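Coordinate analysis (summary)
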Amino acid sequence: FAGRLLISKGVHSFLGLDEIFKSFSNYVDFPPIHSIVYGSIDSQSQDSLDRSVIESWVSAGRGSTFWRWDLDPLLDALKSYSPILIVPTSYAEGFPRGIAEAMALKIPVITCWRYSRYTFPPGSVKISTPDPLSIFDCVRQIIDESSNGGLTKSLSSSQLISKQLFSSDTIVAQTSNL
């Protein structure tokens, strides 16, 4: 999860998904998953998690690592793990730039239609609801695709779609035609 720690941005869905991951961690066919929450508390929003909720979650050892939650979100460069961008938000922002950037980097994306605003063609991203079980099903699909070799083709296709639809040349041309 990356973003302000707002309920409407899906942080509760992400934390619920982490609980599901933990329950599957004993299965041999399920890879180890460690969830990281990058984000900050928004003291100006009543929708934000507060310090006591995060501290109790961390002290209970409930899975997710909270990183930089006391500062503005900062993202490290990609490490040696395989990231998946999960955007379970019901917070319908403008153009979902983060999804387009993840697609350009061949990072699998799970989102919901409301957030993606029907911007991305079917199959270029996994579609879920904010329900943790729905997100889990999408993660499982990505793992299955990875194990049967289909993920590489899918991510290459998503990268091409991102470049075709969202390059600066394409956007300038579309804007010029308005």
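Read on for an overview of the structure.

**Topic: the overall build of the chain**
A count of helices and strands for the chain gives seven helices and five strands. Walking the chain from its N terminus toward its C terminus, one meets helices and strands in the order α-β-α-β-β-α-β-α-β-α-α-α. Expressed as a percentage of the 178 residues in the chain, the buried residues total 38%. When contacts within the chain are restricted to residue pairs at least 6 apart in sequence, those whose partners lie at least 24 apart make up 66%. If you sum the accessible surface of the chain, you get close to 10300 Å²; carbon and sulfur atoms cover 54% of it.

**A closer look at the packing of helix H3 (residues 97–104) against helix H6 (residues 150–166)**
Running from amino to carboxyl end, H3 crosses H6 at an angle of 125 degrees, the nearest separation of the two axes being 7 Å. When the axes of H3 and H6 are compared, the pair comes out oblique. Considering only the axes of H3 and H6, their crossing is left-handed. Together, Ala100, Met103 and Ala104 of H3 and Ser158, Gln159, Ile161, Ser162 and Phe166 of H6 make up the contact between the two elements. When its residues are assigned to classes, the contact of H3 with H6 shows five nonpolar, three polar and no charged.

**Overview of the pattern of salt bridges**
Summed over all chains, the structure comprises two salt bridges. Glu55 is the salt-bridge partner of Arg51, the closest N and O atoms lying 4.0 Å from each other. Of this pair, Arg51 and Glu55 both sit in helix H2 (residues 51–59), four residues apart, which is roughly one turn of that helix. A salt bridge links Lys126 to Glu145; the nearest nitrogen and oxygen atoms lie 2.4 Å apart. Linking Lys126 in strand S5 (residues 126–127) with Glu145 in helix H5 (residues 132–147), this pair joins segments that are 19 residues apart in sequence.

**Remarks on the packing of aromatic side chains**
Throughout the structure, instances matching the rule amount to two aromatic pairs. Taking the centre distance of 6.1 Å and the plane angle of 55 degrees together, the rings of Phe21 and Phe136 count as tilted. Highlighted residues: Phe21 in helix H1 (residues 11–24) and Phe136 in helix H5, separated in sequence by 115 residues. Its relative accessible area of 6% is what places Phe21 among the buried residues. Residue class for Phe136 comes out buried when judged on its relative accessible area of 6%. Measuring from centroid to centroid gives 5.5 Å for Phe120 and Phe166, while their planes differ by 65 degrees, and the two rings are edge-to-face. In this pair, Phe120 sits in the loop between helix H4 (113–116) and S5 while Phe166 sits in helix H6, placing the two residues 46 residues apart along the sequence.

**A closer look at the nonpolar core**
In a soluble, globular protein the nonpolar side chains are often hidden away together inside. Judged by nonpolar contacts, the single largest core of 23 residues is most densely connected at Leu5, Leu15, Ile86 and Ile110. Where this core is concerned, the elements lending two or more residues are H1, H2, H5 and H6. The next biggest cluster of nonpolar side chains, apart from the first, holds eleven residues, and it includes Val87, Ile99, Ala102 and Phe166.

**A closer look at unusual backbone geometry**
Located in the positive-phi region is Lys106, a residue other than glycine, with phi close to 60 degrees. Residue placement: Lys106 occurs in the loop between H3 and strand S4 (109–111). A relative accessible area of 36% means that Lys106 is categorised as partly exposed.

Reading the values: the criteria
Residues numbered from 1 in each chain as written. Predicted model: local features only at pLDDT ≥ 70, side-chain atom pairs only at ≥ 80, totals over all residues. Heavy atoms only, no water. Helix = DSSP H or I, 4+ residues; strand = E, 2+ residues; numbered from the N terminus. Buried < 20%, exposed > 50% of the residue type's maximum accessible area, 1.4 Å probe, protein only. Contact = heavy atoms within 4.5 Å. Areas by Shrake-Rupley, 256 points an atom, 1.4 Å probe, with all protein chains shown as cover. Axes fitted to C-alpha atoms, helices over the stretch in contact; angles between N-to-C directions. Parallel < 35°, antiparallel > 145°, perpendicular 65-115°, else oblique. Left-handed = near helix turned anticlockwise from the far one by under 90°. Nonpolar A, V, L, I, M, F, W, Y, C, P; charged D, E, K, R; others polar. Salt bridge = Lys/Arg side-chain N within 4 Å of Asp/Glu carboxyl O. Phe/Tyr/Trp six-rings, centres within 6.5 Å; stacked < 30°, edge-to-face > 60°. Core = buried A, V, L, I, M, F, W, Y, C linked by side-chain atoms within 4.5 Å.

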